[in-house]
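Take a look at the letters that make up each chain.
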Amino acid sequence: MVEKQSGLGFGTSLLGLGSWNTWDRMEFGDAVALLRQAVDAGVTLFDVAHYNMGPHAEQSRTDVIFGRALREAGIGRSEFQLCGKLWLWDYPRVGFAEQLDVSFERVGVEAAEAVVVGDYFGPLDVPRVVTEVAEQVRAGRFLVWGVNNWRAADVVRALEFAEAEGVPGPRFAQLKYSVVRRSMAEGAFYRRFFDAGLGLQASDVFEGGVLLGREPSRKIGADVGGIRESIRAAAEVVGRAAAEFGVSPAQLAIAFCLAFEPVANVLFGVSRVGQLMDNLGAVRLAAEYGGEVRSAVGSLWLDAAVPADGA
């Protein structure tokens, strides 16, 4: 069983499953079986979004399929935690209340445990964002919220404004974090937030599979810093290190993240039950050999030139 913790501001599992290009790539019966197996194993956090804005204007049905599969698997609302998304691409033209209305209806829920507010490249009206997020918290639509790859200066503004106004500020940061992408999560800017109590949710830990030596045919995350070719080369090193520990590259990649003290939760995507069960072994690996794992691949910090403040 995967242990529970509260580092994100609510009780949930140490591991979580993402939804982007996941449930819509599977046979429906396989999705049902995978969800049932995940919950039974203690993986109860699901990061689910409606991908319909900005570069994610894909009109994907992965969230709809997720909700159907949950019901088919007989998984009750009390058995899992939902982490939703509030997109800033079309904000404030499309407000947060409207986004949640659509997202919750598609999944088939009335509320989430958390939401992640993110994906922006232009100026951000931080007071407005924090105020509108707080309104949704007061309305009972979710308990806590986090930021996704925000500039550090805007996180400071959000925390200061929330404290001054007596409203909920961000409780965690969802960042791209992996064996090869470490600058933001381990840099001085975000480390201040983690030292002050924010949790870190590691995402894109496999680089869409590239870090595991795969060539994904699906759309994957942005290549910040233009280092993906170097990551392809690094996959061989990750594979050799995993072999020395007698584990899979996926287990080693997850354990690397889990062994970083600020990490409260690791998100990954899987499309087969076998992948899920293999990944669960990362919890034991991190607990027993976390320091050794990080030392074994510590030289693969490939995004050192990327600004640690998120700029």
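Keep in mind the model is a prediction, meaning the values are calculated, not measured. (Residues numbered from 1 in each chain as written. Predicted model: local features only at pLDDT ≥ 70, side-chain atom pairs only at ≥ 80, totals over all residues. Heavy atoms only, no water.)

*Asks:* Can you tell me about the environment of Ser178, naming the residues and giving the values?
*Replies:* Along the chain, Ser178 falls in the loop between β8 (172-176) and α6 (183-186). The class of Ser178 is buried, set by a relative accessible area of 1%. Separated by 78 residues in sequence, Ser178 and Phe256 place their C-alpha atoms 7.4 Å apart. Discounting residues that sit within four places of it in the chain, Ser178 has contacts with Asp204, Val205, Leu211, Phe256 and Cys257. (Helix = DSSP H or I, 4+ residues; strand = E, 2+ residues; numbered from the N terminus. Buried < 20%, exposed > 50% of the residue type's maximum accessible area, 1.4 Å probe, protein only. Contact = heavy atoms within 4.5 Å.)

*Asks:* Describe the packing of aromatic side chains, with residues and values.
*Replies:* One pass over the full model with this rule turns up 15 aromatic pairs. Seen from their ring centres, Phe46 and Phe66 are 5.3 Å apart, and the 50° between their planes marks the pair as tilted. Highlighted residues: Phe46 in strand β4 (residues 45-47) and Phe66 in helix α2 (residues 62-72), separated in sequence by 20 residues. By relative accessible area, Phe46 is classed as buried at 0%. Taking relative accessible area as the criterion, Phe66 reaches 0% and is therefore assigned buried. Ring geometry for Phe66 and Phe80: centres 6.5 Å apart, planes at 85°, overall edge-to-face. Of the two residues, Phe66 is situated in helix α2 and Phe80 in the loop between α2 and β5 (81-87); the sequence distance between them amounts to 14 residues. Through a chain of ring-to-ring contacts, the aromatic side chains of Trp23, Phe46, Phe66 and Phe80 assemble into a single cluster. Sitting above the plane of the Phe28 ring, Arg68 keeps its charged end 4.3 Å from the centroid. Stacked on the ring of Phe256, the Lys or Arg Arg294 has its end atom at 4.2 Å from the ring centre. (Phe/Tyr/Trp six-rings, centres within 6.5 Å; stacked < 30°, edge-to-face > 60°. Lys NZ or Arg CZ within 6 Å of the ring centre and 35° of its normal.)

*Asks:* Can you break down the sheet that holds strand β3 (residues 15-17) residue by residue, with the values?
*Replies:* If you trace the eight strands once around the closed barrel, you get β3-β4-β5-β6-β7-β8-β9-β10, paired in parallel fashion. In this sheet, neighbouring strand axes are inclined to one another by 30° on average, regardless of whether the strands run parallel or antiparallel. Taken together, the two bridges between β3 and β4 define a ladder with parallel strand orientation. Residue pairing in the sheet places Gly16 in a bridge with Leu45 of β4. (Pairing = 2+ DSSP bridges. Axes fitted to C-alpha atoms, helices over the stretch in contact; angles between N-to-C directions.)

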